[in-house]
Amino acid sequence: QVQLQESGGGLVQAGGSLRLSCAASGSSSSGYTMDWHRQAPGKQRERVATVTSTGSPNYADSVKGRFTISRDNAKNTVYLQMNSLKAEDTAVYYCSARRAWSTYWGQGTQVTVSS
């Protein structure tokens, strides 16, 4: 089983940057596909970025070119570098680890972008 803890959220002005971290414990996350998701008030949770166990990234169109997902397997940590932030990026950001039929979730970290 994998426990996930997000950090790095906060309040930032539009155009600014934040880097989120997702630290895994309890088991190595290296064999898992890792995702970042977000959920804004009144909206469904959406997946914004994915990095496979082999390091291949994938992004939602809404963040492509602005967000970068990466992983450091030695530190059991996944990152989401968010640049050129917009007000519409305001949401709670969650990371998840998935492999086969198992998915684990973190508690989330709030990102607020002021315009």
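Residues numbered from 1 in each chain as written. Predicted model: local features only at pLDDT ≥ 70, side-chain atom pairs only at ≥ 80, totals over all residues. Heavy atoms only, no water.

**Q** For the nonpolar core, give the residues involved together with the corresponding values.
**A** Counting residues in hydrophobic clusters, the biggest one holds 30 residues, and the most contacted among them are L4, M34, W36, I69, L80, M82 and Y93. Listed by contribution, the elements that provide at least two residues to this core are β3 (18-25), β4 (33-39), β5 (46-51), β7 (67-72), β8 (77-82), β9 (91-99) and β11 (109-114). When sequence neighbours within four positions are dropped, the list of residues in contact with L4 reads C22, A23, A24, M34, C95, S96, A97, Y104, W105, G106 and Q107. (Core = buried A, V, L, I, M, F, W, Y, C linked by side-chain atoms within 4.5 Å. Buried < 20%, exposed > 50% of the residue type's maximum accessible area, 1.4 Å probe, protein only. Helix = DSSP H or I, 4+ residues; strand = E, 2+ residues; numbered from the N terminus. Contact = heavy atoms within 4.5 Å.)

**Q** Which residues make up the pattern of salt bridges, and what values go with them?
**A** Enumeration over the complete set of coordinates arrives at five salt bridges. The shortest N-O distance in the salt bridge between D89 and R38 comes to 2.8 Å. Here R38 lies in strand β4 and D89 lies in the loop between β8 and β9, a separation of 51 residues in the sequence. In this pair, the class of D89 matches that of R38, namely buried. One salt bridge connects D89 with R66, and the closest N-O pair in it is separated by 2.7 Å. Taken as a pair, D89 in the loop between β8 and β9 and R66 in the loop between β6 (57-59) and β7 lie far apart in primary sequence, 23 residues in all. R66 carries the same exposure label as D89, and that label is buried. (Salt bridge = Lys/Arg side-chain N within 4 Å of Asp/Glu carboxyl O.)

Function cannot be read off these values alone, since they describe shape.
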